[in-house]
Amino acid sequence: MKCGLSLDIRDVDETSINIDPIQVGGRLTADAMKAVIAYGDGYSVCDNCRKPNRLDMIKSPPIDAFHRDLAAFLNMDEARVVPGARRGFQAVAGTYVKKGDPVLLTALSHYTEFLSVEAYGGIPLEIGMSPGHIITADAAGEKIDWVRREYGKPPKIIYLDHFDYQYGNEHEVKGIIKVAKQNDIPVLYNGAYTVGIMPVDGRSLGADFVVGSAHKSMASPAPSGVLAATKERAGEVFRTTKAEADLTKRTFGIKEVEMMGCTLMGVTLVGMMASFPHVRERVKHWEHHLRNSRMIVDALLAINGTTVKSEYPRRHTLTRIDTSGSFDTVARTHKKRGFFLTSALKEKGIAGTIPGATKVWKFNTYGLTDAQAQYTANAFQEIAVGNGLPVSR
Ligand SMILES: *Cc1c(COP(=O)(O)O)cnc(C)c1O
């Protein structure tokens, strides 16, 4: 079946148990699928856009109420939808970062955080990680002092990932934000792997900004995300245009500069909106998803020679596992080499791991039902036993 000339149908989430780290939190709900079909046309949410003509003020569909709900969901004062977490970073960097300004990221920051700093001429500097791959408040404090000495000014802003994308480890965000506050440095909380899958309370964390990735963690189409701010910071990052055209003297109302006026004008926004009631409910069940994930990690660890690179016990469903001492020993002599694992998983209907990887790889079990989780745990062990690897039960 084709969706046009050269576009195959995509059915990985219908036909398999998908454990792809970046995909599991972004899978659409059935409501989002319906909304996407109904609002597929360009500018579809603009039917009832009235003066003063801004996306977040449209009443039908209830986009204005959705923005208030989003802010409340994150316990922040203001929220805007953005085309991905990266565009949230960009809006913040565009507001605060000038050429030569030091900006603190971490040794586990995502590349998009670096690019947003680079785009405005800032100097990205990393807070180092502990041997256990944790970003600590102590390390943040030391790096802030170092930046002051080295650059003669404090970092303009600090970006913090609550859980990083490499290990899925939890970092000391609350402690680091406290240190940042003592130094009067605003903090962007990057919730790409939290907002939409677990509860996030921006105010109690003390964050100035909360960024989420809707296509990663809010069951939404790409590119979509959220940028929320405190009242004080909202006036800065969501500042309105002051431009006046020289010839025609036109002005542009209350369009927000960093948002380029309006952001998500169709499928992405209605997808987010349709999934939102489900997302708001599902974050309450985070512990359940975590339990299933721990069960699968333990099943892997029972395969002799397997170790976990992430912190343990796990606090996130994204895990970096090391099977150099188990599956990789099979790969060395198997006729399919490293692809034996991918292929064995595929035969069992499990998708989403890196093809050919048998040493260090990542997976994310978020969203599996109990039965799927148990099936996945068993599948790993059956593949091990089938290839002569001892499993201790
Ligand atoms: C995925 C990810 C991003 C990028 O998110 P987009 O919504 O695709 O822009 C940023 N930071 C972290 C930590 C991520 O995991």
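Please read these numbers as outputs of a predicted model, since none were measured by experiment.

Student: Mind showing me how you'd approach the domain arrangement of the protein here?
Tutor: How big an interface is tends to be reported as the loss of accessible area on association of its parts. Domain parsing of the protein yields domain 1 (2-23 + 285-386) and domain 2 (47-264). Computed over C-alpha atoms only, the centres of domain 1 and domain 2 are separated by 32 Å. Residue-level contacts link 15 residues of domain 1 with 17 residues of domain 2. It is Trp286, Glu311 and His316 that lose the most area in domain 1 upon contact with domain 2, and together they represent 37% of the buried surface on that side. Our count for the contact surface shared by domain 1 and domain 2 stands at 1 salt bridge. Residues glutamate 170 and arginine 315 are paired through a salt bridge, measuring 3.8 Å at the closest nitrogen-oxygen approach.

Student: I keep staring at the packing of helix α6 (residues 137-151) against helix α7 (residues 173-182) and nothing clicks. Help me out?
Tutor: What describes two packed helices is the angle between their axes and the distance between those same axes. Two numbers describe how α6 lies on α7: the axes approach to 8 Å, and their chain directions differ by 25 degrees. With respect to each other, α6 and α7 are oriented roughly parallel. For the pair α6 and α7, the sense of crossing is right-handed. Contact with α6, carried on its side by Ala137, Ala140, Gly141 and Ile144, involves Gly175, Ile176 and Val179 of α7 and no other residues of that element. For the contact of α6 with α7, the per-class residue count stands at 5 nonpolar, 2 polar and no charged.

Student: What is the right way to read the pairing of strand β3 (residues 102-106) from this model?
Tutor: β3 sits mainly inside the fold: 5 of its 5 residues count as buried. Burial along β3 is two-sided: the face carrying Pro102, Leu104 and Thr106 and the face carrying Val103 and Leu105 are both buried. Two strands pair when backbone bridges link them, and β3 and strand β4 (residues 123-127) are joined in this way by 5 bridges, in the parallel orientation. Across the sheet, residue threonine 106 finds its bridge partner in β4, namely isoleucine 127. Crossover handedness for the path β3 to helix α5 (residues 111-118) to β4: right-handed.

Student: When you look at helix α12 (residues 286-301) in this model, what are you seeing that I'm missing?
Tutor: Note on helix geometry: an α-helix contains 3.6 residues per turn, so any two residues three or four positions apart are oriented the same way. Taking 1.5 Å of rise per residue, 16 residues should cover 22 Å, and α12 covers 22 Å from first to last C-alpha, within 8% of that figure. Of all the residues in α12, the buried ones are Trp286, His289, Leu290, Asn292, Ser293, Ile296, Val297, Ala299 and Leu300.

Student: Hey, could you run me through the site of the ligand in this one?
Tutor: Residues in contact with the ligand amount to 14 residues; listed here are only the nearest, Ala85, Arg86, Ser213, His215 and Lys216. At 3.0 Å from a nitrogen atom of the ligand is found a side-chain nitrogen or oxygen belonging to asparagine 190. Taking histidine 215, its side chain carries an N or O atom lying 2.8 Å from an oxygen atom of the ligand. Considering the ligand on its own, with 380 Å² of exposed area, one finds that the protein chains cover 95% of that surface.

Student: Just to check I follow, could you spell out the pattern of salt bridges for this structure?
Tutor: A pair can form between side chains of opposite charge whenever their charged atoms are brought close. Per the stated rule, a full pass over the model turns up 23 salt bridges. Among the ionic pairs, arginine 80 bridges to glutamate 78, the shortest N-O distance being 3.0 Å. In this structure glutamate 78 comes out as partly exposed when scored by relative accessible area, which is 32%. A salt bridge links lysine 309 to aspartate 322; the nearest nitrogen and oxygen atoms lie 3.5 Å apart. Remark: aspartate 322 occurs in strand β10 (residues 318-322) and lysine 309 occurs in the loop between β9 (307-308) and β10; sequence separation between them is 13 residues. For aspartate 322, a relative accessible area of 10% puts it in the buried group. Residues joined by salt bridges that share partners form a network here, namely Arg54, Asp56, Glu78, Arg80 and Glu256.

Student: In this structure, what is going on with the side chain of threonine 323? I would like to understand it.
Tutor: Locating threonine 323 in the fold gives a position in the loop between β10 and α13 (327-331). Judged by relative accessible area, which is 0%, threonine 323 ranks as buried. Here tryptophan 361 takes part through its side chain, which lies 2.8 Å from a polar atom of the side chain of threonine 323. Each residue touching threonine 323, except ones within four places of it in the same chain, is listed here: Thr306, Asp328, Thr358, Lys359 and Trp361.

Student: Is there a simple way to explain the nonpolar core in this structure?
Tutor: Soluble globular proteins tend to pack their nonpolar side chains together in the buried interior. Counting 54 residues, the largest nonpolar core has Leu70, Leu74, Ile158 and Val210 as the members making the most contacts within it. Broken down by element, this core gets its largest block of residues, 7 residues, from helix α11 (residues 267-282). Excluding anything up to four places from it in sequence, leucine 74 contacts Val195, Val200, Asp201, Gly202, Arg203, Val210, Val226 and Ala228. Among the nonpolar cores identified, the runner-up in size contains 30 residues, and Ile296, Val297, Val308 and Ile321 belong to it.

Student: Is there a simple way to explain the side chain of glutamate 258 in this structure?
Tutor: Among the secondary structure elements, glutamate 258 is positioned in the loop between α10 (231-237) and α11. Sequence-distant contacts of glutamate 258, defined by excluding residues within four places in its chain, comprise Gln90, Ala91, Gly94, Thr95, Tyr120, Val237 and Arg239.

Student: Can you help me understand a negative patch on the surface in this one?
Tutor: Taken together, the side chains of Asp138, Glu142, Asp145 and Glu172 make up a negatively charged region of the molecular surface. With respect to the helices and strands, the residue glutamate 142 is situated in helix α6. Overall, the relative accessible area of 57% leaves glutamate 142 in the exposed class.

Student: Honestly, helix α14 (residues 339-347) in this entry has me stumped. Any pointers?
Tutor: Every buried residue belonging to α14 is among Phe340, Leu341, Thr342, Ala344 and Leu345, and all of these are buried. Its buried side turned inward, α14 meets α13, β11 (350-351), β12 (360-364) and α15 (370-386).

Student: Mind showing me how you'd approach the packing of aromatic side chains here?
Tutor: The geometry of an aromatic ring pair comes down to the distance between the two centres and the angle between the two planes. Counting across every chain of the model gives 10 aromatic pairs. Measuring from ring centre to ring centre gives 5.6 Å for tryptophan 361 and phenylalanine 363, while their planes differ by 45 degrees; the resulting arrangement is tilted. Here the aromatic cluster, defined as three or more aromatic residues joined through ring pairs, consists of Phe66, Phe73 and Phe276. Over the aromatic face of phenylalanine 238 sits the side chain of arginine 80, whose NZ or CZ is 4.5 Å from the ring centroid. Across from the ring centre of tryptophan 146, 4.5 Å away, lies the NZ or CZ of lysine 143, which sits over that ring.

Reading guide: rules and limits
- Residues numbered from 1 in each chain as written.
- Predicted model: local features only at pLDDT ≥ 70, side-chain atom pairs only at ≥ 80, totals over all residues.
- Heavy atoms only, no water.
- Domains from an automatic or database assignment.
- Contact = heavy atoms within 4.5 Å.
- Buried area = accessible area lost by both parts, 1.4 Å probe.
- Salt bridge = Lys/Arg side-chain N within 4 Å of Asp/Glu carboxyl O.
- Axes fitted to C-alpha atoms, helices over the stretch in contact; angles between N-to-C directions.
- Helix = DSSP H or I, 4+ residues; strand = E, 2+ residues; numbered from the N terminus.
- Parallel < 35°, antiparallel > 145°, perpendicular 65-115°, else oblique.
- Left-handed = near helix turned anticlockwise from the far one by under 90°.
- Nonpolar A, V, L, I, M, F, W, Y, C, P; charged D, E, K, R; others polar.
- Buried < 20%, exposed > 50% of the residue type's maximum accessible area, 1.4 Å probe, protein only.
- Pairing = 2+ DSSP bridges.
- Right-handed = clockwise from strand over helix to strand, strands pointing away.
- Expected span 1.5 Å × (residues − 1).
- Near = heavy atom within 4 Å.
- Polar contact = N/O pair within 3.5 Å; in protein donor to acceptor, adjacent residues only side chain to side chain.
- Areas by Shrake-Rupley, 256 points an atom, 1.4 Å probe, with all protein chains shown as cover.
- Core = buried A, V, L, I, M, F, W, Y, C linked by side-chain atoms within 4.5 Å.
- Patch = residues over 30% accessible without salt bridge, like charges linked within 9 Å, V, L, I, M, F, W, Y side chains within 5 Å.
- Lys, Arg positive; Asp, Glu negative; His and termini not counted.
- Charge placed at Lys NZ, Arg CZ, Asp CG, Glu CD.
- Phe/Tyr/Trp six-rings, centres within 6.5 Å; stacked < 30°, edge-to-face > 60°.
- Lys NZ or Arg CZ within 6 Å of the ring centre and 35° of its normal.

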